[in-house]
Amino acid sequence: MTDADLLTDAAARAAAYLGGVRARRVEPSSDDVGALCAFDAPLQNQPIAPRDVLAQLDSAGSPATVTTTGGRYFGFVNGGAVPASLAASWLVSTWDQNVALRVMSPVGAAIEDVVLEWTRDLLGLPAGCGGAIVTGATMANMTALAAARHSLLVRAGWDVERQGLFGAPPLTVVVGDEVHVSLLKALTLLGLGRERVHRVPVDGQGRLRADALPTLDERTIVCLQAGNVNSGAFDPAREICQRGRAAGAWTHVDGAFGLWAAASPRLRHLTDGFADADSWSTDGHKWPNAVYDCGIAMVRDPLQLRSAMTATAAYFAPTDRREPSQFTPEMSRRARGVELWAALRSLGRDGLADLIDRTCRHAQAFAEGLRARGYEILNDVVINQVLVSFGPPAVTLAVIERIQRDGVCWCGGTSWQGRTAMRISVSSWATTDEDVALSLDAMQSAFEGCRAGAEA
Ligand SMILES: Cc1ncc(COP(=O)(O)O)c(C=O)c1O
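Procedures and definitions
- Residues numbered from 1 in each chain as written.
- Predicted model: local features only at pLDDT ≥ 70, side-chain atom pairs only at ≥ 80, totals over all residues.
- Heavy atoms only, no water.
- Near = heavy atom within 4 Å.
- Polar contact = N/O pair within 3.5 Å; in protein donor to acceptor, adjacent residues only side chain to side chain.
- Areas by Shrake-Rupley, 256 points an atom, 1.4 Å probe, with all protein chains shown as cover.
- Pairing = 2+ DSSP bridges.
- Helix = DSSP H or I, 4+ residues; strand = E, 2+ residues; numbered from the N terminus.
- Axes fitted to C-alpha atoms, helices over the stretch in contact; angles between N-to-C directions.
- Contact = heavy atoms within 4.5 Å.
- Phe/Tyr/Trp six-rings, centres within 6.5 Å; stacked < 30°, edge-to-face > 60°.
- Buried < 20%, exposed > 50% of the residue type's maximum accessible area, 1.4 Å probe, protein only.
- Core = buried A, V, L, I, M, F, W, Y, C linked by side-chain atoms within 4.5 Å.

A. Region of the structure containing the site of the ligand. Around the ligand, the structure places 14 residues, and the nearest of them are T138, S182, D254, D283 and H285. Measuring from an oxygen atom of the ligand, one finds a side-chain N or O atom of T138 at 2.5 Å. Taking K286, its side chain carries an N or O atom lying 3.0 Å from an oxygen atom of the ligand. Here the ligand loses 84% of its free accessible area of 390 Å² to cover by the protein chains.

B. Inspection of the sheet that holds strand β6 (residues 279-283) at higher detail. Spatially, the seven strands line up as an open sheet ordered β1-β7-β6-β5-β4-β2-β3, and their pairing is mixed. Each of the sheet's edge strands pairs with one partner strand only, and the pair in question is β1 (130-134) and β3 (198-200). Neighbour to neighbour, the strand axes of the sheet diverge by 20° on average, direction disregarded. In the sheet, β1 pairs with strand β7 (residues 295-299) via five bridges, with the strands oriented antiparallel. Counted as the bridge partner of G130 is V299 from β7. Taken strand by strand, helix α10 (residues 302-309) contacts β1, β5 (250-254) and β7, and its axis lies near 45° from that of β1.

C. Expanded view of the packing of aromatic side chains. Enumeration according to the criterion identifies nine aromatic pairs in this entry. Considering the side-chain rings of Y375 and F447, the 5.1 Å spacing of their centres and the 65° angle between planes classify their relative orientation as edge-to-face. With Y375 in the loop between α11 (336-372) and β8 (376-377) and F447 in helix α13 (residues 433-455), this pair connects stretches of sequence that are 72 residues apart. Residue classification places Y375 among the buried positions, given a relative accessible area of 7%. A network of ring pairs unites the aromatic residues Y73, F76 and W410 as a single cluster.

D. Summary view of the environment of L116. Tracing the sequence through the fold places L116 in helix α5 (residues 106-122). Separated by 17 residues in the primary sequence, L116 and I133 place their C-alpha atoms 7.9 Å from one another. When neighbours within four sequence positions are excluded, L116 is seen to be in contact with G131, A132, I133, I296, M298 and R322.

E. Spatial organisation of the side chain of S279. When you line up the elements, S279 lands in strand β6. Among residues more than four places away in sequence, those in contact with S279 are A144, W250, T251, H252, V253, M298 and V299.

F. Molecular detail of the nonpolar core. Core analysis: the largest hydrophobic core is formed by 50 residues, its most contacted members being L224 and W260. Residue assignment for this core shows that the elements contributing at least two residues are α5, β4 (220-225), α9 (237-247), β7 and α11. Residue contributions to this core peak at eight residues, all from α11. Ignoring any residue separated from it by four or fewer positions in sequence, one finds W260 in contact with T119, L122, L123, T282, D283, W287, P288, I296, L344, L352 and I356. Counting 34 residues, the second-largest nonpolar core is a separate cluster that includes A144, V299, A308 and M309.

G. Examining the pairing of strand β10 (residues 412-416) more closely. What you see with β10 is a clean split: G412, T414 and W416 sit on the buried side and G413 and S415 on the side with no burial. In this structure, β10 lies alongside strand β11 (residues 419-425), joined through five bridges in antiparallel fashion. Its bridge partner lying in β11, G413 is registered against M422. Linkage of β10 to β11, two consecutive antiparallel strands, is achieved through a turn of two residues, within which Q417 is found at a positive phi near 45°.

H. Looking closely at unusual backbone geometry. Cis geometry is found at the peptide bond from Y292 to D293, where omega equals -5°. Along the polypeptide, D293 turns up in the loop between β6 and β7. Positive phi values are uncommon outside glycine, yet F76 reaches one of about 45°. Phi angles above zero are rare outside glycine, and D96 is one such case at about 50°.

This is how it looks when you write it as structure tokens:
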């Protein structure tokens, strides 16, 4: 079998998989998950033909995937993969470029420059930002916060990259009580500690309360959120950024998905004021529906990011142009910017705005449909996130479990301001009105099934 035959085989298998995603279960069956034990074998001594490796992967692996690309996956905040991004990822894998340095991948570096600029523009961020393409918002938060740490400590006369954190002047980190756990993880990785943070109370939608903000100073990093993972709510950015700026603090925005509302003329107002911050993180694999994985960090002053990330070695031969790895935690790195570029290129501004508006419209349809069936919606549905209660906590949990098991759609659970809730996150380009209708029916029959089970 030639390389071309092998890739044709892979394409045929992928096409067959994609052709079936609308019809198949969303959560894989327990039998299919059980069959994964086929992989649980010691590594053999002899090589195996690539064709046979692929056949095993497809026959035992494909059935055990969660159907996140089919239009009825509403778990976490997971985008589907728009076709151009998926196809581009095949080409990127074939190229096998390492985008550490421009000389290693002129194409990877050039396209990364372009897509960073497109992203900055779509998010309405200031011209001249420095950017990095990383694996996701967690790493984007870490990357941007490393720039914040560098900048505030340099101003305090401390070179953290050279001297480390032991003995450094202390920094204060301020977050809303609804901070996403990934931001706390980023703080942990940076030695800023997940429990040393000052947590500010939030309102009924999870928005940080500006009136409860502590006094800020030039050793404070304030972390805002554009799009709460549960409610979709946006922190009051304009006032807090202004206060941060006046105090000499650094304001960072975790905008993993919500920041993309800026790309929709209808929703842009929700992101008012966020451009006044000093750094931002977001995801390409969430709302823009680039293939996994893709996160983006942006920093107003590129020098701060570069100073936090740069590493030099005699064999690097730097140029006077942007060298990708001088802005990222990683050295070697896949050309994942190309996959985001392909997603945005295929959608265009109008297609992206339509994707964002459409998913929000589906979220409204879920909220209205569930309310009409007598269930309680716990959040103001401002973007693509819906929180629903089916009654007492045990009932809601049982309904969630049954929805997942029935396989028509997939939603996860959460706890929202003391209430047990089911989360519906409509983040995929593939979701249709029919998917929403089918899913509403599945939710209703899961509820009825639970009630019948309880009465029996
Ligand atoms: C607000 C927010 N921040 C950060 C993250 C983490 O993103 P990732 O999983 O891409 O690292 C998420 C994930 O849903 C999120 O909603």
